[in-house]
Each structure stands twice: as C-alpha cells, then as structure tokens.
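# Per-entry structural report
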Amino acid sequence: MMWSEVKQVLSRMMSSLAFETWIEGTTATMEEHTVTIHCTNPMQKSWIETLYMPYIEQAIEKVCGKRVVVKLEAPHELSNEQFMRMWNYMIALEKQTWNLEARVTKVERQMEEIEKEVAQLRERTDFLERLLATDEKPVQKTYIH
C-alpha cells in the first residue's frame, strides 16, 4: 500500500482545508493487515480519530482492495485539560470557517445578481445608442396655437 495513493483518495473525499490541516502531514506504515498512521502531534491524532477515521478506512480499502486495521500514533500525549482546550479552540475555528464560507457563498450569489443587472443595463444602453444612431435627423417641433 502506498500512503500517497490513500492520501490522494482522501483529498477527493474531504474539504481541502480539512485535508491540508489534518491528513496531508501524516505518514503511514503497513504490516500484514494493520496500517499505522503516524500523526505529527496528539491533537492531530485525536481529531483524525474522532472525525476522519471512516474516510481513512474507506480510502485504504479502495486502494488495497481489502479492509485492514487502522491504528493512529502520535509522538506524545496531551493531558485531558490540554486536549479539551485545544479541542474547544479547534471547534471554534471550524465554526468560524463555516461562517466565513457561508458569507463568501452569499457574496458570490450577490455578485452573480449584480453581474446580471450590469448585463441588462449594457443591453439597454446598447439599444439606446443604436436607436439614437439611426435617428440623427433633427426633430421638428410643431407648436399648436
């Protein structure tokens, strides 16, 4: 099994932000029917274990053609208090990211509407310019007494 192939599959299954933050920096080894993913830190290990393990198992099965046991390792562990602080911080960042993505989507929709309005105004301007260009005769005014 090539971990780079698994990561390529994962990159298509996850958001680019999630993949780059949690998966891209990992390495892995395989012995018989066990894949060990080497995380860079305990927070990464916990986050992957909690949120992304089903994706990883699917990707490994797709690449290897069989189910295997997946283990995660990290160089050192955090205390429960450190972990909870980091966890809460990451949740807050994730919520901010979702809010920003929603705002960007809203602005993109507004831009599309503005572009449609600009196109309509251009059409009207073109029409008026053509109308004025064909009507170059001076207008005679008729006064009624």
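Anyway, here's the lowdown on the structure attached to this text. (Residues numbered from 1 in each chain as written. Predicted model: local features only at pLDDT ≥ 70, side-chain atom pairs only at ≥ 80, totals over all residues. Heavy atoms only, no water.)

What follows covers a nonpolar patch on the surface. Among the surface-exposed residues, Val107, Met111, Ile114 and Val118 lie close enough to one another that they form a single nonpolar patch of about 320 Å² accessible area. Following the sequence through the fold, Val118 ends up in helix α4 (residues 80-134). (Patch = residues over 30% accessible without salt bridge, like charges linked within 9 Å, V, L, I, M, F, W, Y side chains within 5 Å. Areas by Shrake-Rupley, 256 points an atom, 1.4 Å probe, with all protein chains shown as cover. Salt bridge = Lys/Arg side-chain N within 4 Å of Asp/Glu carboxyl O. Helix = DSSP H or I, 4+ residues; strand = E, 2+ residues; numbered from the N terminus.)

With that out of the way, let us pick up helix α3 (residues 42-64). Taking 1.5 Å per residue as the helical rise, α3 with its 23 residues ought to reach 33 Å, whereas the 27 Å between its terminal C-alpha atoms falls clearly short. Along α3, the largest kink reaches about 80° and is centred on Tyr52; proline Pro54 follows within four residues of it. All of the buried residues in α3 are Pro42, Met43, Gln44, Lys45, Ser46, Trp47, Ile48, Tyr52, Met53, Ile56, Ala59 and Ile60. Each element contacted by the buried residues of α3 is listed here: α1 (3-13), α2 (16-23), β2 (34-38), β3 (69-73) and α4. Where α3 begins, one side-chain oxygen reaches toward the backbone nitrogen of Met43, 3.0 Å away; that side chain belongs to Asn41. Looking one or two residues beyond α3, the residue adopting positive phi is Gly65, at roughly 80°. (Expected span 1.5 Å × (residues − 1). Bend = angle between axes of the 7 residues up to and from the residue. Buried < 20%, exposed > 50% of the residue type's maximum accessible area, 1.4 Å probe, protein only. Contact = heavy atoms within 4.5 Å. Polar contact = N/O pair within 3.5 Å; in protein donor to acceptor, adjacent residues only side chain to side chain.)

Moving on: the pattern of salt bridges. Counting across every chain of the model gives three salt bridges. The partner of Glu61 in a salt bridge is Arg67, with the nearest N and O atoms 3.1 Å apart. According to the relative accessible area criterion, Glu61 is partly exposed, its value standing at 32%. By relative accessible area, which is 61% here, Arg67 ends up exposed. The closest approach of N and O atoms between Arg85 and Glu81, which form a salt bridge, is 3.1 Å. Of this pair, Arg85 and Glu81 both sit in helix α4, separated by four residues, roughly a single helical turn. The class of Glu81 is exposed, set by a relative accessible area of 58%.

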